[in-house]
Amino acid sequence: MVVNVCPAAVTSASPELVWRVLTTPERFGEWLDASFVSASPPGPARPGQTIRLSAPSLGRRWPVSIDVVGVDPQSRWIDLLAHLPFGIDNHERVTLTETKEGGTLVRFN
């Protein structure tokens, strides 16, 4: 059985500001419950890059890596493949849509 849940949130921040946070690996801790460790190669998120994080749970810190699969700045989406503890892999496409008020609708698919 496949379960598909697509959480979404609206922020008053502009799509440009949200995009900068979303594509700067050192800022991943601002939207994930994890601390940045490294990005290889360094720099803005781009296909082929691996981002390493450390996430707290169950009284300890766990290694997490995220592969950047695809990025489209014009359409404002990024595809990520997160490798979590216990062999769990999670594919996420994060999309940004500007609201009428100038804010951003952020969707995780």
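The shown structure was predicted, so the numbers you read here are calculated from the model rather than taken from an experiment. (Residues numbered from 1 in each chain as written. Predicted model: local features only at pLDDT ≥ 70, side-chain atom pairs only at ≥ 80, totals over all residues. Heavy atoms only, no water.)

A. Main features of the overall build of the chain. Looking only at helices and strands, the chain features one helix and seven strands. Along its sequence from the N terminus, the chain presents helices and strands in the succession β-α-β-β-β-β-β-β. Against the compact-globule benchmark of 13 Å for 109 residues, the chain has a radius of gyration of 14 Å, which places it among compact chains. Dimensions along the principal axes, computed over C-alpha positions, put the chain at roughly 40 × 35 × 25 Å. Restricting the contact set of the chain to residue pairs at least 6 apart, pairs at least 24 apart contribute 29%. Looking at the chain as shown, the accessible area adds up to about 6600 Å², and 57% of this sits on carbon and sulfur atoms. Of the side chains in the chain, 10 bear a positive and 11 a negative charge, and the two mean positions are spaced by 2 Å. (Helix = DSSP H or I, 4+ residues; strand = E, 2+ residues; numbered from the N terminus. Rg over C-alpha atoms; globule rule 2.2 N^0.38 Å. Contact = heavy atoms within 4.5 Å. Areas by Shrake-Rupley, 256 points an atom, 1.4 Å probe, with all protein chains shown as cover. Lys, Arg positive; Asp, Glu negative; His and termini not counted. Charge placed at Lys NZ, Arg CZ, Asp CG, Glu CD.)

B. How the structure looks around the pairing of strand β3 (residues 50-57). Pairing between strand β2 (residues 35-40) and β3: five bridges, direction antiparallel. What sits directly across from S35, in β3, is S54. Two elements, β3 and strand β4 (residues 60-72), share eight bridges in a ladder whose sense is antiparallel. Paired with I51 across the bridge in β4 is I66. Where β3 folds back on β4, the antiparallel hairpin that results is connected by two residues, among which L58 adopts a positive phi of roughly 55 degrees. (Pairing = 2+ DSSP bridges.)

C. Spatial organisation of the pattern of salt bridges. In this structure the tally under the stated criterion is three salt bridges. Across the pair E30 and R27 runs a salt bridge whose closest N-O atoms are separated by 2.9 Å. Of the residues examined, E30 reaches a relative accessible area of 52% and is grouped as exposed. (Salt bridge = Lys/Arg side-chain N within 4 Å of Asp/Glu carboxyl O. Buried < 20%, exposed > 50% of the residue type's maximum accessible area, 1.4 Å probe, protein only.)

D. Expanded view of the environment of G48. Mapped onto the secondary structure, G48 falls in the loop between β2 and β3. Along the primary structure G48 and R76 are separated by 28 residues, whereas in three dimensions their C-alpha atoms are 18 Å apart. Beyond its immediate stretch of four places on either side in the chain, G48 contacts S40, P41 and V68.

E. Structural context of the packing of aromatic side chains. In the structure shown here, the tally under the stated rule is three aromatic pairs. Summarising the aromatic geometry, the rings of W31 and F108 are spaced 6.1 Å apart at their centres and angled 40 degrees between planes, so their arrangement reads as tilted. You can see W31 sitting in the loop between α1 (15-22) and β2 and its partner F108 sitting in strand β7 (residues 104-108), a full 77 residues away along the chain. Take F108: its relative accessible area is 26%, and that puts it in the partly exposed class. Both rings, one in W62 and one in F86, keep their centres 5.2 Å apart while their planes meet at 50 degrees; by these two values the pair is tilted. Placement of the pair is W62 in strand β4 and F86 in the loop between β5 (77-84) and β6 (88-98), with a sequence separation of 24 residues. Positioned above the aromatic ring of W62, the side-chain terminus of R60 is 3.9 Å from the ring centre. In this structure, R93 packs its charged tip against the face of W77, placed 3.8 Å from the ring centre. (Phe/Tyr/Trp six-rings, centres within 6.5 Å; stacked < 30°, edge-to-face > 60°. Lys NZ or Arg CZ within 6 Å of the ring centre and 35° of its normal.)

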